[in-house]
Amino acid sequence: MEPWFIRYPKRYRREKSELRDAGFQAREALLAKEAGIIQLHVDFFHKGKPYSVVVEYPTFYPYMPFQMVSKDIPKGRHLGEYGGAVCFLEDVHQNWEPHYTLAHIIDTQVRGVIDRNLEPSDDPTKEGLYASPASGHIRYRDNCGILVPNFSIPEGHRYGHATLSHGPHVNLKKTPSGHISKVTGTSKQDVLYTVGDDLPNLAGVDPMQLKNQGVRWVRLDRPPAAADDGILDEAIRAWPELEKPNYRNGVDITAIIFQEESTYKCKQVAWVFVVREKQLGVTEPLYFNVRADILDPQIVIARTSRTKPLTGKKVVLIGCGALGSTIGFQLGRMNLNHLVLIDGDHLKYGNLPRWIAGASATGRDKVSVLRELITDANPMINVTTHPLKFGDINQREPEQEMLNDVFDADLIIDATAEFAASHLITLLAKEHAIPCIHVSATNGGFGGIVGRYMPEPEAFCWSCMQEALYQERPEFQDDDYRIRLPATEPGEPTEVRGCFHPTFIGTGFDLDAISMQAVRLAVATLCRGAEGAYPDLDWDIAVIDLWDEDKSIPIDPKMTTYRFAGAHRLCRKPHE
Ligand SMILES: [Zn+2]
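Residues numbered from 1 in each chain as written. Predicted model: local features only at pLDDT ≥ 70, side-chain atom pairs only at ≥ 80, totals over all residues. Heavy atoms only, no water.

Chemist: Which residues make up the domain arrangement of the chain, and what values go with them?
Modeler: Under the domain assignment used here, the chain contains domain 1 (4-129), domain 2 (135-295) and domain 3 (302-575). Taken over C-alpha atoms, the centre of domain 2 sits 44 Å from the centre of domain 3. (Domains from an automatic or database assignment.)

Chemist: Which residues make up the packing of helix 8 (residues 322-332) against helix 13 (residues 508-526), and what are the values?
Modeler: Axes are the key here: two packed helices are described by the angle between their axes and the distance separating the axes. The interhelical angle for the contact between helix 8 and helix 13, taken along N-to-C directions, is 45°, at an axis separation of 9 Å. By the angle between their axes, helix 8 is oblique relative to helix 13. Our pair here, helix 8 against helix 13, has a crossing hand that is right-handed. Together, Ala322, Leu323, Thr326, Ile327, Gln330 and Leu331 of helix 8 and Leu511, Asp512, Ile514, Ser515, Met516, Ala518, Val519, Ala522 and Val523 of helix 13 make up the contact between the two elements. (Axes fitted to C-alpha atoms, helices over the stretch in contact; angles between N-to-C directions. Helix = DSSP H or I, 4+ residues; strand = E, 2+ residues; numbered from the N terminus. Parallel < 35°, antiparallel > 145°, perpendicular 65-115°, else oblique. Left-handed = near helix turned anticlockwise from the far one by under 90°. Contact = heavy atoms within 4.5 Å.)

Chemist: Mind laying out helix 9 (residues 366-377), listing which residues take part and the relevant values?
Modeler: With 12 residues, helix 9 extends 17 Å between its outermost C-alpha atoms, agreeing within 8% with the 16 Å of an ideal straight helix rising 1.5 Å per residue. Here helix 9 has its buried residues at Lys366, Val367, Val369, Leu370, Ile374 and Thr375. (Expected span 1.5 Å × (residues − 1). Buried < 20%, exposed > 50% of the residue type's maximum accessible area, 1.4 Å probe, protein only.)

Chemist: Any details on the sheet that holds strand 19 (residues 541-548)? Residues and values, ideally.
Modeler: Across the sheet, 8 strands lie side by side as 15-14-13-16-17-18-19-20; this open sheet has mixed pairing. In the strand order of this sheet, the two ends are held by strand 15 (382-386) and strand 20 (553-562), each with one partner. When strand polarity is set aside, the average angle formed by the axes of neighbouring strands in this sheet is 15°. (Pairing = 2+ DSSP bridges.)

Chemist: Before we move on, can you summarise the coordination of the zinc ion with the specific residues and values?
Modeler: Protein coordination at the zinc ion: the donors are Cys461 (SG), Cys464 (SG), Cys571 (SG) and His575 (NE2), at 2.0 to 2.3 Å from the metal. Every donor counted, the 4 donor atoms about the zinc ion form angles of 99 to 116° at the centre, which fits tetrahedral coordination. Summarised as a motif, the one-chain spacing of the donors to the zinc ion is C-x2-C-x106-C-x3-H. Remark: His575 occurs in the segment after strand 20 and Cys461 occurs in the loop between strand 18 (447-453) and helix 12 (462-470); sequence separation between them is 114 residues. Both residues of the pair, Cys461 and His575, count as buried. (Donors = N, O, S within 2.8 Å, 3.2 Å for Na, K, Ca; no water. Tetrahedral: all angles 85-135°; square planar, octahedral: opposite > 155°, others 65-115°.)

Chemist: Hey, could you go over the packing of aromatic side chains for me, with residue numbers and the actual values?
Modeler: Overall, the coordinates contain 24 aromatic pairs when judged by the stated rule. Between Trp4 and Tyr61, the aromatic rings sit 4.7 Å apart at their centres with planes inclined by 65°, giving edge-to-face as the arrangement. Taken together, the positions of Trp4 in helix 1 (residues 4-7) and Tyr61 in the loop between strand 3 (49-56) and strand 4 (67-69) put the pair 57 residues apart, joining distant regions of the chain. By the burial criterion, Trp4 is buried, and Tyr61 matches it. Relative to Trp547, the ring of Phe446 has its centre 4.6 Å away and its plane inclined at 10°; by these criteria the two rings are stacked. Here Trp547 lies in strand 19 and Phe446 lies in the loop between strand 17 (436-441) and strand 18, a separation of 101 residues in the sequence. Each member of the pair, Phe446 as well as Trp547, is classed as buried. The structure contains a cluster of three or more aromatic residues connected by ring pairs, namely Trp4, Phe5, Tyr12, Tyr57, Tyr61, Phe66, Phe88, Trp96 and Tyr100. (Phe/Tyr/Trp six-rings, centres within 6.5 Å; stacked < 30°, edge-to-face > 60°.)

Chemist: Lay out helix 11 (residues 419-431) in plain terms, naming residues and giving numbers.
Modeler: With 13 residues, helix 11 ought to run about 18 Å at 1.5 Å a step, and its terminal C-alpha atoms sit 19 Å apart, in line with that. Contacts made by the buried residues of helix 11 are with strand 13 (314-318), strand 16 (411-414), strand 17, strand 18 and helix 12. Of the residues one or two after helix 11, Ala433 is the one with positive phi, at around 55°.

Take a look at the structure:
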């Protein structure tokens, strides 16, 4: 790629002539230019005092902004903690416009930065009221990180020990990860923190498989002054015992804890990990820093606050195939308390384009694989699994256990895509006064139906829907209770090798449109009546077309929705 000053020579000349016209002294670093980079040293006066900045232009200038550092701009909010990066726009990647030039930025922004740093202001018209946390500027090893608790260590403790819990395949020497599961104070008897029961699935593995690594922690009075190796020196000054590495599994891990401004004028605790790796035959260990991330369930809940009423709710998902696996994964990431997964099938290689896990899971129970994906995505949820086919119930113990797990649910989702099972599930749900959502797709993934069936005796039920679907036929003329049929690919489903049942040709992304309607209906149903929550939908049944079945082409999704006041006149059994 040619550098910008070759591609846009006019722009380059304008950049330099504007600096000259403004009376700024600009010198180009020649070595940098030979490498295709323009680096300018610019001297200018502000209120009678001389200042200088070093500016480096990116390859995609002027569509991307330059970076600026300065050694003599006074310290303050607009100068990076490490290296003196000048923060000259409130949000440089949002506010940068390609017609800006360096001369313009110095005149309009950098002068303001100097003034603000000399005389700080809380006036939002002069000042972007943002924090620039020190921990965000430290140099970390890529591709790793450790979860830390959101708690403040009591004042009386300046250093102590902690436990890093991690999965069995974590490489502590190269890419440490995991979570801090325990913190003790100056004496190991002073337990200051242990990971709560509300987070049963951290590390995405069975708790029995977790491994523990001892860590030492120390508190600093302020953010570290250095961004790299010097961090450990500051830690050693605070707790000299750290000088001697305490190797375990070939590494020594130190957690450095300090207060920093995390949001504007608001201080919070920050952690940085320094890992020392034992080198064979060498006395000096290798150092690197590992970033921490605060493990705070509230941060997650705040991002999906409309689903708050799901807290404490239990949902049963029967059928974890192409539709059910996606439903389970999306629903499981919300703040449900308990999700029950039921499916007797195992994952086959042919499932991959329409399932959410990969080839490495072939042969395993779909419910077990789905459980791992969900609990990794949402450490707060409880997931129970029953690798059983729902319909084939006998009086044996696992099946009884499964039924007990079903009948105290707040909602049942039937994604079995089997007529007999759907009939049974919707009947049982009504019997046990549990709202039920049914979802199915048609041949080819051309369309589908999503329906909600409430437990009240007179409420429109799944059997009512079957009657109403028949009303499409011309011989029925019951105008009040007609539901149109969804689009379907003409012909029979294709038999695919390796599959006991015929399956259809169709894409996962077409089916996902139907799954997501089921998730929206499920969340809306669970949030019913709660203020400020995900609002209820104004329909109970949706018929969805994703393809035009006559022309055999995909279309903008077409949805016809229905809500019926009572049962269908031809439907009797569930309403008696
Ligand atoms: Zn009915």
